[in-house]
Amino acid sequence: MNKLITKSLVLALLVALSACSSPPDKLGSLDLVKWRGDRGGCNNVRVGLEKDFKTVEGQLKGKFADDIGDLLGRPDIHQLGERNQKFYVYFLSKGEQCADIQSKSTAPKVILKFNAVGLLSEITYQSRPL
């Protein structure tokens, strides 16, 4: 009986530790610390990371929205779409959004589309205002 309790406690401890772990610093060649630190793309750091971001797109697709939020940080804009779809927008460079996040910005951005069950299904890039 003691072994069962010990195994249960060890398993519970492992689950608790994995739930409290911090997000990684890198994903492939993408420096996630720099990405997360450039809120709104206002420091022009993300634009230099765009190539690295494109190389890890395949690793991001299929992940849940919460996992993407942990990896890339809180999105600059979070939009809800039809049929329970959601969109995370991350600006890549400085633009009108730096003065007012609600202004229509022509700054380049990456848009992550999540399907109805919350899995990342599509990644697009655009410069036109949302």
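Relevant structure appears above.
Every value quoted in this text rests on a predicted model; they were computed, and no experiment measured them. Along each chain, residue indices are assigned from 1 in the same order as the chain's sequence is written. Thresholds applied to this predicted model are a pLDDT of at least 70 for local features of residues and 80 or more for the giving and counting of side-chain atom pairs; totals over whole chains, interfaces and linings are not thresholded and use all residues. Values shown for side chains rest on all heavy atoms present in the structure; no hydrogens or waters enter the calculation.

## Observations regarding the environment of Asp70
Inference 1: Counting from the N terminus, the helices are the DSSP runs of H or I reaching at least four residues and the strands are the DSSP runs of E reaching at least two. The topology assignment puts Asp70 in helix 5 (residues 65-72).
Inference 2: Residue contacts follow a heavy-atom distance rule, with two residues in contact if any of their heavy atoms lie within 4.5 Å. In contact with Asp70, other than residues within four places in its own chain, are Pro23 and Arg36.

## Focus on the side chain of Asp31
Inference 1: With respect to the helices, strands and loops of the structure, Asp31 is situated in strand 2 (residues 30-31).
Inference 2: Burial status follows relative accessibility: with a 1.4 Å probe on protein chains alone, a residue under 20% of its type maximum counts as buried, one over 50% as exposed, and anything between as partly exposed. In this tally, Asp and Glu contribute negative charge and Lys and Arg positive charge; neither His nor the terminal groups of the chain are included. Salt bridges are identified by distance alone: a Lys or Arg side-chain nitrogen within 4 Å of an Asp or Glu carboxyl oxygen. The charged side chain of Asp31 is buried without a salt bridge, its nearest counter-charge being Lys34 at 4.2 Å.
Inference 3: A polar side-chain atom of Asp31 sits 3.1 Å from the main-chain amide nitrogen of Val33.
Inference 4: Each residue touching Asp31, except ones within four places of it in the same chain, is listed here: Asp25, Lys26 and Leu49. Each polar contact in these results corresponds to two N or O atoms within 3.5 Å; when the atoms are within protein, one needs to be able to donate a hydrogen and the other to accept it, and residues that are neighboring in sequence are counted only if both atoms are side-chain atoms.

## Details of the pairing of strand 3 (residues 77-80)
Inference 1: DSSP-based pairing: two strands are paired if at least 2 bridges between them are found. As judged from the four bridges shared by strand 3 and strand 4 (residues 86-91), these two strands associate in the antiparallel manner. Among the inter-strand pairings, Leu80 is bridged to a residue of strand 4, identified as Lys86.
Inference 2: Joining the antiparallel neighbours strand 3 and strand 4 is a turn of five residues, in which Arg83 adopts a positive phi near 55°.

## Examining the sheet that holds strand 4
Inference 1: Reading across the sheet, the four strands line up as 3-4-5-6 and stay open at both edges, with antiparallel pairing between neighbours. Here the strands that pair on one side only, and so sit at the sheet edges, are strand 3 and strand 6 (120-126). In this sheet, neighbouring strand axes are inclined to one another by 20° on average, regardless of whether the strands run parallel or antiparallel.
Inference 2: As paired elements, strand 5 (residues 109-114) and strand 6 share six bridges and run antiparallel to each other. Under this scheme, a helix contributes an axis fitted over its contacting stretch, all axes are lines through C-alpha atoms, and angles between N-to-C directions fall in the 0 to 180 degree range.

## Topic: the packing of aromatic side chains
Inference 1: Stacked, tilted and edge-to-face are the three classes assigned to paired rings of Phe, Tyr and Trp, where Trp is represented by its six-membered ring and a pair needs centres within 6.5 Å; plane angles under 30 degrees give stacked, over 60 edge-to-face, the rest tilted. Under the counting rule described, the total for this entry stands at four aromatic pairs.
Inference 2: Between Phe53 and Tyr125, the aromatic rings sit 6.4 Å apart at their centres with planes inclined by 85°, giving edge-to-face as the arrangement. In this pair, Phe53 sits in helix 3 (residues 46-55) while Tyr125 sits in strand 6, placing the two residues 72 residues apart along the sequence.
Inference 3: Overall, the relative accessible area of 1% leaves Phe53 in the buried class.
Inference 4: Its relative accessible area of 29% is what places Tyr125 among the partly exposed residues.
Inference 5: Each member of the aromatic cluster is reached from another via a ring pair, and the members are Trp35, Phe53, Tyr90 and Tyr125.

## Side note on unusual backbone geometry
Inference 1: Despite not being glycine, Asn44 shows a phi value in the positive range, around 60°.
Inference 2: Position of Asn44 among the secondary structure elements: in the loop between helix 2 (32-37) and helix 3.
Inference 3: Even without a glycine there, the phi angle at Asn84 is positive, about 60°.
Inference 4: In this fold, Asn84 is placed in the loop between strand 3 and strand 4.

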